[in-house]
Amino acid sequence: MSPEKKTVFIPGGSRNPPGRLKSWFKLCIGLAFLLFFVYVVGPFLDSLPGIKPVTDFIDDSGINAPAFYYTGVEEVGDAVNYIRNSLEYPPNGQ
Amino acid sequence: MAVNTGAPSKGQDYVVIESGKTTSKDLYTKEDWMVIWLGFIILIVGLLIYGLNPPDKMQENFNKYNTTMKEEAAKAPFKTMAWHQASDAKKRIRGRDQSFGKTIQEFLNAPSGWASNPVDSLYRSKAEADAMNAPFKEAAEKAKAAQEAGLAKAKEAEKAAGAAAFKNSDLNKKAEAEIAAWLKAKDAASKAGAKVGNKPYNRLPYLIGTAIILGLFFGIGKAIMGQSFGRFFVGFFFVFAFAVLSYMAEKQATMSHYGFGFPLWAIIFGMLISNTVGTPKWVMPAVTTEYYIKTGLVLLGAEILFNKILAIGKPGIFVAWICTPITLILTYWFGQRIVKMPSKTLNITISADMSVCGVSAAIATAAACRAKKEELTLAIGLSMVFTAICMVGQPAFAKLVGMDQILAGAWMGSTIDSTGAVAAAGAFYGQKALYVAATIKMIQNILIGVVAFCVAVYWCARVDCVPGQRVSWWEIWYRFPKFVIGFMLASIIFSIIDGSVGGDYSTAIIDQGVLRGWSRLLREWFFALAFTSIGLETNFREFGEYFKGGKPITLYVFGQAFQLCLTLLVAYIMFFVIFPGVAARI
């Protein structure tokens, strides 16, 4: 039985000229795919019913939807300020 | 099987590595210690900048607004206009809004938003800015007029209620409704105003300046550790350029509203290069994932302020700090016993990412358990896709069943992964839902400090050892990822400062100064550099091994489904059965 062939990953890429050409071709394909995703798939998803109202709202409100921690979202600061004031100074009878 | 044994042979496969015994020389030659020094230098500089330069008459103004709210709260059974104005004025007292804070942000901010032309994120002329503002001028003026009309009506209604000494319930209700309408009109006017507030800019000089400063900063650290400054500095600009590209992709309008952030783009761009034309050799000295990620994590530690867990009272602690660990432990158990995940580190990274707070939890946990880069990448990819789905789906479901705003906010805040998506989903559902969702998410964010620490200890004591072996405390210390000490120390020190200076002062100087106006901006650049580095040294084919049988997706779906049900139940019990007073006050 012949030993299993294993591809070794070289972050430096291929060194021979035909290999280099193929690599650049792959890069162009990858970039084309990304552009397709950004300019075609994304807007198509926006047009789907149920999604558009949410995405339009996010665009209008300016909320930083990709922010992953609370310090990256302005609205968290506003919310904490409002809730703290509401709990510390609740209107008479609440 | 891709289990990390604690003695990795292929260094570049792991997010973080720590091995060998500790000596005093390690304090300046080992990366884990160096990142602590670098992180603390940044934090100390931030404290000096903002701590020594508070906004003018800060304490005087806080006292004034607090007195107003106290008096107004005693006067009427609802939040009066003066109460809202004082609350609003308080939030505008921020360290980072001073001129030096704005200059810092000008340097460190990410590129700007754009829709169709990527160049717009780096440069905008005055003519372009004017052209962008022109179509919205009329709408902005109308919104302003509506706000003024709302203000007049609210004033009148409140005056009528006041004339009856706030004893007439019909007049009180009318005043409350008019005030709510005025607040809504004010919010609309503010959003309309933002659309005519486009200004010209040129981000390039600032980005070049930031690249040079960060290159020097990290390069000096490398030199102290005995590595080549020059080779690092040259390669750094390539990595930085791709970090800029990843930010630009995040800021594209469509990608931004789906929440596809820079970590995902940095990995994609990096992998696109490394798996096609290849990462140039001269860049490799600057492709140092661990160095950037660990420095970023030390800075993230400062953002973990433990006093914030009380921000919404006891129900918030139960929803965020009880449901989340239960979900985390159960999901991890499910992954090991039922799904039989190929790797424990992948299992815990996905479990933490899904149950705690997405990307930030994934980074901290992956670093604490020394997960592989591919595992972190996979967890982040899953999180971003599911976050986009939940951000659209959860408010829609809440609307369908007519869920209460407070309940919906608590539910979304605890179950949607990323904070930005939580704010978007909450705001879409309503103002109160936004306030509760954002606050619950912030409380949950704080949990990552505890999770990262527990995972690091558990991995050193239990996972990274031979079955049946008893590990001594010294051995745990040797194996313990030391940068976690910096991460925890930053959290403890900043929590003590936050607690000792008082809520208002801390908000203005620590949260809205040192953190949001300094360390957070740098921390995000460090993560962008780290994720670019991950991409630049990751083989696309290695992902196949982790996706076998769709196990990560099964794990994620199970955990998320459990969390959605558990959180809804606990939030209802906490806000409407045990502590109904908190919901009433909001």
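**Digging into the packing of helix H3 (residues 74–88) of chain A against helix H21 (residues 431–463) of chain B**
Moving on, step 1. Direction vectors running N to C along H3(A) and H21(B) enclose 105°, while the axes themselves pass 8 Å from each other. In terms of orientation, H3(A) and H21(B) fall into the roughly perpendicular class. Of the residues in H21(B), those in contact with Glu75(A), Val76(A), Asp78(A), Ala79(A), Val80(A), Tyr82(A) and Ile83(A) of H3(A) are Leu434(B), Tyr435(B), Val436(B), Ala438(B), Thr439(B) and Met442(B).
Moving on, step 2. Here the contact of H3(A) with H21(B) is composed, by residue class, of ten nonpolar, one polar and two charged.

**Some points on the side chain of Asp504(B)**
Moving on, step 1. Here Asp504(B) is to be found in helix H24 (residues 503–536).
Moving on, step 2. Once you skip the residues sitting within four places of it in the chain, Asp504(B) turns out to touch Arg84(A), Phe62(B), Asn66(B) and Lys90(B).

**So, empty space enclosed by the protein**
Moving on, step 1. A complete count under the given rule lists three cavities of 30 Å³ or more for this structure.
Moving on, step 2. Computed from the structure, the largest cavity encloses a volume of approximately 90 Å³.
Moving on, step 3. Around the largest cavity, the lining comprises 13 residues; the ones closest to its centre are Asn81(A), Lys90(B), Lys91(B), Ile93(B) and Thr507(B).
Moving on, step 4. For the lining of the largest cavity, the secondary-structure elements that each account for two or more residues are H3 of chain A together with helix H4 (81–91) and H24 of chain B.

**A closer look at unusual backbone geometry**
Residues and elements named next belong to chain B.
Moving on, step 1. With a phi close to 55°, Ala165 is a non-glycine residue in the positive phi region.
Moving on, step 2. By the secondary structure assignment, Ala165 is in the loop between helix H7 (137–163) and helix H8 (169–195).
Moving on, step 3. Residue class for Ala165 comes out partly exposed when judged on its relative accessible area of 45%.
Moving on, step 4. Although it is not a glycine, Lys340 sits at a positive phi angle of roughly 55°.
Moving on, step 5. On the secondary structure map, Lys340 appears in the loop between helix H15 (323–339) and helix H16 (344–357).

**Side note on the packing of helix H12 (residues 262–274) of chain B against H24(B)**
All names here are of chain B.
Moving on, step 1. Packing of H12 against H24 leaves a shortest axis separation of 6 Å and a crossing angle of 30°. Relative to H24, the element H12 lies roughly parallel. Handedness of the H12/H24 crossing: right-handed. Listed contacts from H24 to Phe262, Pro263, Ala266, Ile267, Gly270, Met271, Ile273 and Ser274 of H12 are Glu524, Phe527, Ala528, Phe531, Thr532, Ile534, Gly535 and Leu536.
Moving on, step 2. The residue inventory of the contact of H12 with H24, partitioned by class, reads eleven nonpolar, four polar and one charged.

**Digging into the packing of aromatic side chains**
Residue and element names in this part refer to chain B.
Moving on, step 1. All told, the structure shown has 41 aromatic pairs over all chains when counted by the stated rule.
Moving on, step 2. Between Phe540 and Phe543, the ring centres sit 6.3 Å apart and the planes meet at 55°, which makes this aromatic pair tilted.
Moving on, step 3. Residue Phe540 is classed as exposed on the basis of its relative accessible area, which comes to 55%.
Moving on, step 4. Phe543 gets classed as buried once you look at its relative accessible area, which sits at 9%.
Moving on, step 5. Looking at Lys222, its charged tip hangs above the ring of Tyr291, at a distance of 4.8 Å from the centre.
Moving on, step 6. Of note, Lys399 hangs over the ring of Phe428, and the distance from its end group to the ring centre comes to 4.5 Å.

Rules of the game
- Residues numbered from 1 in each chain as written.
- Chains lettered and ligands numbered in written order.
- Predicted model: local features only at pLDDT ≥ 70, side-chain atom pairs only at ≥ 80, totals over all residues.
- Heavy atoms only, no water.
- Axes fitted to C-alpha atoms, helices over the stretch in contact; angles between N-to-C directions.
- Helix = DSSP H or I, 4+ residues; strand = E, 2+ residues; numbered from the N terminus.
- Parallel < 35°, antiparallel > 145°, perpendicular 65-115°, else oblique.
- Contact = heavy atoms within 4.5 Å.
- Nonpolar A, V, L, I, M, F, W, Y, C, P; charged D, E, K, R; others polar.
- 1 Å grid on protein atoms, 1.4 Å probe; cavity = no way out; pocket = protein on both sides within 12 Å on 5 of 7 lines; lining within 4 Å.
- Points joined across faces, edges and corners; volume = space filled by probe spheres on them.
- Buried < 20%, exposed > 50% of the residue type's maximum accessible area, 1.4 Å probe, protein only.
- Left-handed = near helix turned anticlockwise from the far one by under 90°.
- Phe/Tyr/Trp six-rings, centres within 6.5 Å; stacked < 30°, edge-to-face > 60°.
- Lys NZ or Arg CZ within 6 Å of the ring centre and 35° of its normal.

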